[in-house]
Amino acid sequence: MPIDWSARAVGQSQRLHPYVPGKPIEMLLVEKGLSKAIKLASNENPHGPAPSAIAVLKQAAESVHRYPDGDAGDLKQALARKHKISTENIFIGNGSNEVLELMIRTFAGNGDEVIYSERGFIVYALAATAAGAAGVAVPEADGLTHDLHAMVASVTSRTKVICIANPNNPTGTLHDASAIQDFLDALPRGLVVILDEAYYEFVADKIEDSINALQHPGLIICRTFSKAYGLAGLRVGYAVGDAEILGLVNRFREPFNVNLLAQKAAIAALDDTAWVQKTVAKCKAGRQRLETALEEWGVLGGKSFGNFVLLRHQEAAFVLQKLEDQGIIPRPLAPYCMPDYLRITVGTAEENNRLLAALSSILGQAADVA
Ligand SMILES: Cc1ncc(COP(=O)(O)O)c(C=O)c1O
């Protein structure tokens, strides 16, 4: 008799589905028999890491026979200097994904509720389920923005954590600091509030810096080195918030969760503000160009404040397939119950040209790709 492992796994495993990442380039090349493809599916920085971070990585490669600093002390110090806060108010994770999971695992378990927006970043739902808690998905307001009032109204005595992403992935929507502060003021004091700012650097000139502007005892702000800083492959993210909350989360952390190369490169990238600003500016110019074209063609899925744009088309699956045929990988949004949308990361100018040319032929429209 074969063993029924499924029956032996914890109950919530039945309700979990693995996260589906953007299709890897290598997979598409094999599938389509192509020699070249571009990936615009995971909101990475197409301009790569800062040259100073690459130099540090080459040097640090000689030390990888050693364990990293389990506390990521130097990186915490660098972040503390940058944000003018104490190191005890910082937690470093293996990507902000790990921070989100550990936060939810620390505060929500069986019988508890975790609130998030229906089209909020999907990891909140996965992490809540993995922790054995019940996820409460609140429908968006008009324009696909988080309905902050409805989220507050959904809080019950069982709610332990509430998550918002600003800007949100995949909808690209943004709330200003005063709307977020009103939301925080309406929440009970004992709630852990995760403000996920993975795309903060793309709106830093638009909204106040939440780390110093927002107030709530349970507020935990998460940021990442994966997007504007171009270090997605190294996996580093961090949280800023109350020292006692982060101390509790630290109990669930594995001893050496952030690797040595990641710690060193993150410090170098953080120092290289000129590089980050330059790549963010290029990304915003590229986003503007893509959104203008999509709007002209009547397929813009809404204004995005992240490093990605939204395409909306009744035949999104067809558009996806045609783009992939031409070696371009966007992200289908069916897992977010948005089957008529594709999310497309802003690429380099050359990648954007290629995308627009492909879309132009697919949509049967003319594009100015000059
Ligand atoms: C809103 C949001 N939060 C968190 C993450 C996780 O990023 P990472 O784990 O690479 O820091 C992502 C990645 O796409 C994201 O879009």
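Only a predicted model underlies this, so the values are computations on that prediction, with no experimental measurement involved.

Caption draft 1: Focus on the overall build of the protein chain. Check the secondary structure of the protein chain and you find 14 helices and twelve strands. Taken over the C-alpha trace, the protein chain has a radius of gyration of 21 Å; the compact-globule value for 370 residues is 21 Å, and the two agree within 12%. Projected onto the principal axes, the alpha-carbon positions of the protein chain cover approximately 60 × 55 × 50 Å. Taking all 370 residues of the protein chain together, 46% fall into the buried category. Of the contacts formed within the protein chain by residues at least 6 apart in sequence, a portion of 72% connects residues at least 24 apart.

Caption draft 2: Representation of the site of the ligand. Surrounding the ligand, one finds 13 residues, the nearest of these being Gly 95, Asn 97, Asn 169, Thr 224 and Ser 226. Top contributing element to the shell around the ligand by residue count: helix 5 (residues 95-107), with three residues. Considering only residue class, the shell around the ligand consists of four nonpolar, eight polar and one charged.

Caption draft 3: The domain arrangement of the protein chain, seen in detail. Segmentation of the protein chain into domains returns domain 1 (22-48 + 274-363) and domain 2 (51-271). The centre of domain 1, based on its C-alpha atoms, is set 25 Å off from the matching centre of domain 2. On the side of domain 2, 19 residues touch domain 1, which itself brings 23 residues to the contact. Secondary structure elements with two or more residues in the side of domain 1 that touches domain 2: helix 12 (273-296) and strand 9 (308-312). For the side of domain 1 that touches domain 2, the element with the highest residue contribution is helix 12, accounting for five residues. Across the side of domain 1 that touches domain 2, the residue classes break down as ten nonpolar, nine polar and four charged.

Caption draft 4: View of unusual backbone geometry. Here Asn 166 and Pro 167 are connected by a cis peptide whose omega angle stands at -10°. Along the polypeptide, Pro 167 turns up in the loop between strand 5 (159-165) and helix 8 (177-186). Looking along the chain, the bond that leaves Asn 169 and enters Pro 170 is cis, with omega of 15°. Mapped onto the elements of the fold, Pro 170 is located in the loop between strand 5 and helix 8. The backbone phi angle of Leu 144 is positive, close to 65°, even though this residue is not glycine. On the secondary structure map, Leu 144 appears in the loop between strand 4 (134-138) and helix 7 (148-153). Residue Leu 144 is classed as buried on the basis of its 20 C-beta neighbours within 10 Å. If you check the backbone angles, Cys 337 has positive phi at about 55° while not being a glycine. Given 10 C-beta atoms within 10 Å, Cys 337 falls into the exposed group.

Caption draft 5: A look at the packing of helix 3 (residues 51-60) against helix 11 (residues 260-271). Interhelical geometry of helix 3 versus helix 11 gives an angle of 150° and a closest axis separation of 8 Å. Relative to helix 11, helix 3 is oriented roughly antiparallel. Considering how the two elements wind past one another, helix 3 and helix 11 form a crossing that is right-handed. Between helix 3 and helix 11, the residues in contact are Ser 52, Ala 53, Val 56, Leu 57 and Ala 60 and Leu 260, Leu 261, Lys 264, Ala 265, Ala 268, Ala 269 and Asp 271, respectively. Class assignment for the residues of the contact of helix 3 with helix 11 results in nine nonpolar, one polar and two charged.

Caption draft 6: Quick look at the sheet that holds strand 6 (residues 192-196). Spatially, 2-8-7-6-5-3-4 is the arrangement adopted by the seven strands of the open sheet, whose pairing is mixed. Bordering the open sheet on either side are strand 2 (90-93) and strand 4, each of which pairs with just one other strand. Averaged over all neighbouring strand pairs, the angle between strand axes comes to 20°, with direction disregarded. Along the sheet face, helix 10 (residues 243-250) touches strand 2, strand 6, strand 7 (219-224) and strand 8 (237-240) and points at about 30° away from the line of strand 2.

Caption draft 7: Inspection of the packing of helix 12 against helix 14 (residues 349-363) at higher detail. As a packed pair, helix 12 and helix 14 sit with axes 10 Å apart at the nearest point and diverge in direction by 10°. By the angle between their axes, helix 12 is roughly parallel relative to helix 14. The residues of helix 14 that touch helix 12, namely those facing Gly 286, Arg 289, Leu 290 and Ala 293, are Ala 349, Asn 352 and Leu 356. When its residues are assigned to classes, the contact of helix 12 with helix 14 shows four nonpolar, two polar and one charged.

Caption draft 8: Here's a closer look at the pairing of strand 6. The element strand 6 is largely enclosed, with a buried count of five among its five residues. In strand 6, alternate side chains face the same way, and those of Val 192, Ile 194 and Asp 196 on one face and Val 193 and Leu 195 on the other are all buried. The pairing of strand 5 with strand 6 spans five bridges and is classified as parallel. When the sheet's bridge partners are listed, Ala 165 is paired in strand 6 with Asp 196. Looking at chain direction, strand 6 and strand 7 are connected through four bridges and run parallel.

About the thresholds
- Residues numbered from 1 in each chain as written.
- Predicted model: local features only at pLDDT ≥ 70, side-chain atom pairs only at ≥ 80, totals over all residues.
- Helix = DSSP H or I, 4+ residues; strand = E, 2+ residues; numbered from the N terminus.
- Rg over C-alpha atoms; globule rule 2.2 N^0.38 Å.
- Buried ≥ 20, exposed ≤ 12 C-beta atoms within 10 Å, placed from the backbone.
- Contact = placed C-beta atoms within 7 Å.
- Near = placed C-beta within 6 Å.
- Nonpolar A, V, L, I, M, F, W, Y, C, P; charged D, E, K, R; others polar.
- Domains from an automatic or database assignment.
- Axes fitted to C-alpha atoms, helices over the stretch in contact; angles between N-to-C directions.
- Parallel < 35°, antiparallel > 145°, perpendicular 65-115°, else oblique.
- Left-handed = near helix turned anticlockwise from the far one by under 90°.
- Pairing = 2+ DSSP bridges.

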